[in-house]
Amino acid sequence: MRISSIQAVSNSYFIDNKYKKNKNNNSVNYTNNTILPDNYGSSLVNFKSQLKNKVLKAPLYDKLAYAFDKMTTTDLLIASNNKQKALEQLQKNIEAVETPIKRILHIEDKNLDEVLCYIQPNDDVISKRFVNINDSVIKYSKFVFTNKADTVIDIEPREAKNLYFGNELHTSIGIIPLLLVPETLPTEDFDKYSEELITEIDYTEQFTEMAKNYNKKLFAEEQTKTQNNGKNFTTFKDIGGQDEILEFLEDNIVLPLQHPDVFEDYMNCTGLILHGKPGTGKTYIANAIINEAGVSSYVLSPGQLADKYVGGSEKLCKEMFEKAIATQPSIIYIDEIDALGKSRGRDVHGDKLLNEFLIYSGQLNQNNDNVIIIGSTNRLQDVDPAVLRSGRLDLQLEIKPPTLDGIKQILDIKLKGKPIDEDVNMDLVAKKMFAKNMTGADINRIIRDSHRNALKRTGILQSMKEKRYSPAMMEYFTINQEDFEKSIEAFNPDNNARKPIGFGKV
C-alpha cells in the first residue's frame, strides 16, 4: 500500500512512499506488504476524511482546473450555486453557445452569484472559451507576457471570449484565474473524489424543445464542417450577385427542410441541379444551402460511389440513401452529377449504378421523405433525362456569371477587412471585370493576384525571399488601383487563365 506523507496520531513516526524515519533518524525500508499497527488504520481513516474535506473545499479555480483536463470538445462546464438555476440560465441564452453539447458538467459553489460557463475550443489546449450566460457584464483581466494585468475587458451578456491560461475572471467570490493544473492539491487527490466534485446534468431530459432543436442544429453544422474538412462553411450572406437564386433556394429548399410540418402532404422539391459554366459558384452555393438548412448532409462525388468489385457501387448507393432517410431531414449533395447520371447504354456497370440511384431517388417523394438531393454540373446535356424528371431532380437552376451590380456586391463581400487603398475606384474595377465576363471564381483570382502585385510593388515579396521580412512591414501595406488593373489586364477571358507557369522559356 502506498501512503503519502501521513503523520501518525499516537507517535512521531512519519510514513513516506518508500521509508519511515524514527526519532533517531534511522531509515527503515518498507514494502507494499508492510503491516502497520492499528493506530495507523485509524490515522488512515482520519486522513481520508481530511483529504476529502480538502478536495471538496478546494478553491473554485483549482476545481475548474481539474475539470478542464477532463473536458472534450463537446463538453460544457458550469460552475454555479444551483445547477437547476444554472441550467435554466443556459437555456435562456442557449444561442450564445456556438458549440454542440453532448455533456454538461457542473461544479457547485454556494457562494458564487454568477454562472460560469466554459467550452473546450477545438485543437486548443491552452485556452477555454467562456460564455457569459448571465444577465450582467463579467470582467476579466488579460495578461500578456507580464506579471500583472495588461487590461481589464468586459464580457457582455451572451458574449463569448477565449480565455488563455493566466487570464482572470472577476467574480462575486473574487478573482478566478484560469489554471492549467490545480495548485493547492495534486491531481490524483481530486481523482479520488471526482464524482462528488463534478456532477453530470442529463440535459436531454431537462432541456426545452427549443434548446434541444438548437443543439441538434449545431451538431448538423459541425457534421457538415467535418465533411468539408473545416472548409467551405459558407452561408447565403457570403454569396454575392445571386440574390434571386438564393431567395428561390431559401423558399423551395431551406424552409421546407427546417419546417416540414408546414409543407406536410404537399409534393415538395425532392431534388435540384445547379448548372452553369465553371467558376460560377455552383459548389459554393450547394455548401451554403447545406449550412443554411442546418440538417444532416452527405456530400460526395461519383468517384466515392465507384467500387472495383461488381455490385459494390450499388451497395454504397443504397447505404447512402438509407442513412439520409434515417437521419432526415437531410441533404445529399453530388458534385459533377453528370458522371453519375449520364445517358444509359454507354456502360453496363454504370447503368446498374444509375438504375439503383433512380430507384431510391424516385421513392423519396412517394414515401414523403424529407430528403433533398442536390447535384451540380457544367454539362447538363450529359445527364440522363430520367434523372431530371418530376419527382427526382426536377429543378434545374442555371448559375450565370454575375451582373455588374453582382460583381460590386461580390467585391464588397470579398474585400471586407482587406487593406484596400482609399483611392481605389471600385466602380471602375467592377466595370473592367464585367467587361471580361468574370465569374465569382475569376473575381477571387483577381483579388489574389492583386495582393501578389502589391507585395511585389512594396518590396515585401523581395524581403521575404532575402529572409529580412518583418511583420512591421505590413503596417502600412495596401492594395492600390494599379495592383487591381494589372491583374485584370493580365486575365485572359478566352481560356480563363494567364500565361502558363513552368520551367524554361514560355
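Each remark here, short or long, concerns the structure printed above.
Below is a summary of the structure that appears in this document. None of the values given here were measured: they were computed from a predicted structure.

## Quick notes on the packing of aromatic side chains
Then, in step 1: Throughout the structure, instances matching the rule amount to five aromatic pairs.
Then, in step 2: Here the aromatic rings of Y118 and F130 are separated by 5.4 Å at their centres, their planes lie at 70°, and the arrangement is edge-to-face. Residue Y118 is located in strand β7 (residues 116-119), and its partner F130 is located in strand β8 (residues 127-131); the two are separated by 12 residues in the primary sequence. This pair shows no difference in class: Y118 is buried, exactly as F130 is.
Then, in step 3: Joined through ring pairs, the aromatic side chains of F68, Y118 and F130 make up one cluster.

## Overview of the sheet that holds strand β13 (residues 174-177)
Then, in step 1: Within the open sheet, the four strands sit side by side as β10-β9-β12-β13. Their pairing is antiparallel. On the outer flanks of this sheet lie β10 (151-155) and β13, each paired with one strand and no other. Adjacent strand axes in the sheet meet at a mean angle of 30°, parallel and antiparallel pairs treated alike.
Then, in step 2: Of the strand pairs in this sheet, strand β9 (residues 138-142) and β10 are connected by five bridges, and their pairing is antiparallel. Note on β10: the bridge partner recorded for S141 is V152.

## Focus: a negative patch on the surface
Then, in step 1: A contiguous patch of negative charge on the surface is contributed by D243, E244, E247, E250 and D251.
Then, in step 2: Structurally, D243 can be placed in helix α8 (residues 243-258).
Then, in step 3: Looking at D243, the relative accessible area reads 47%, which means it is partly exposed.

## Digging into helix α2 (residues 60-70)
Then, in step 1: Of all 11 residues in α2, eight are buried, a share of seventy percent or more.
Then, in step 2: Of all the positions in α2, only L60, D62, K63, L64, A65, Y66, A67 and F68 are classed as buried.

## Quick notes on the side chain of S361
Then, in step 1: Relative to the assigned elements, S361 resides in helix α12 (residues 348-366).
Then, in step 2: Judged by relative accessible area, S361 falls into the buried class, the value being 1%.
Then, in step 3: Reaching out from S361, the side chain makes a polar contact with the backbone oxygen of F357 at a distance of 2.8 Å.
Then, in step 4: Within the structure, the side chain of S361 is placed 3.2 Å from the backbone oxygen of L358, a separation counted as a polar contact.
Then, in step 5: Those residues in contact with S361 that lie beyond four places of it in its chain are F321, I373, G391 and R392.

Thresholds applied
Residues numbered from 1 in each chain as written. Predicted model: local features only at pLDDT ≥ 70, side-chain atom pairs only at ≥ 80, totals over all residues. Heavy atoms only, no water. Phe/Tyr/Trp six-rings, centres within 6.5 Å; stacked < 30°, edge-to-face > 60°. Helix = DSSP H or I, 4+ residues; strand = E, 2+ residues; numbered from the N terminus. Buried < 20%, exposed > 50% of the residue type's maximum accessible area, 1.4 Å probe, protein only. Pairing = 2+ DSSP bridges. Axes fitted to C-alpha atoms, helices over the stretch in contact; angles between N-to-C directions. Patch = residues over 30% accessible without salt bridge, like charges linked within 9 Å, V, L, I, M, F, W, Y side chains within 5 Å. Areas by Shrake-Rupley, 256 points an atom, 1.4 Å probe, with all protein chains shown as cover. Salt bridge = Lys/Arg side-chain N within 4 Å of Asp/Glu carboxyl O. Lys, Arg positive; Asp, Glu negative; His and termini not counted. Charge placed at Lys NZ, Arg CZ, Asp CG, Glu CD. Polar contact = N/O pair within 3.5 Å; in protein donor to acceptor, adjacent residues only side chain to side chain. Contact = heavy atoms within 4.5 Å.

By themselves these figures say nothing about function.
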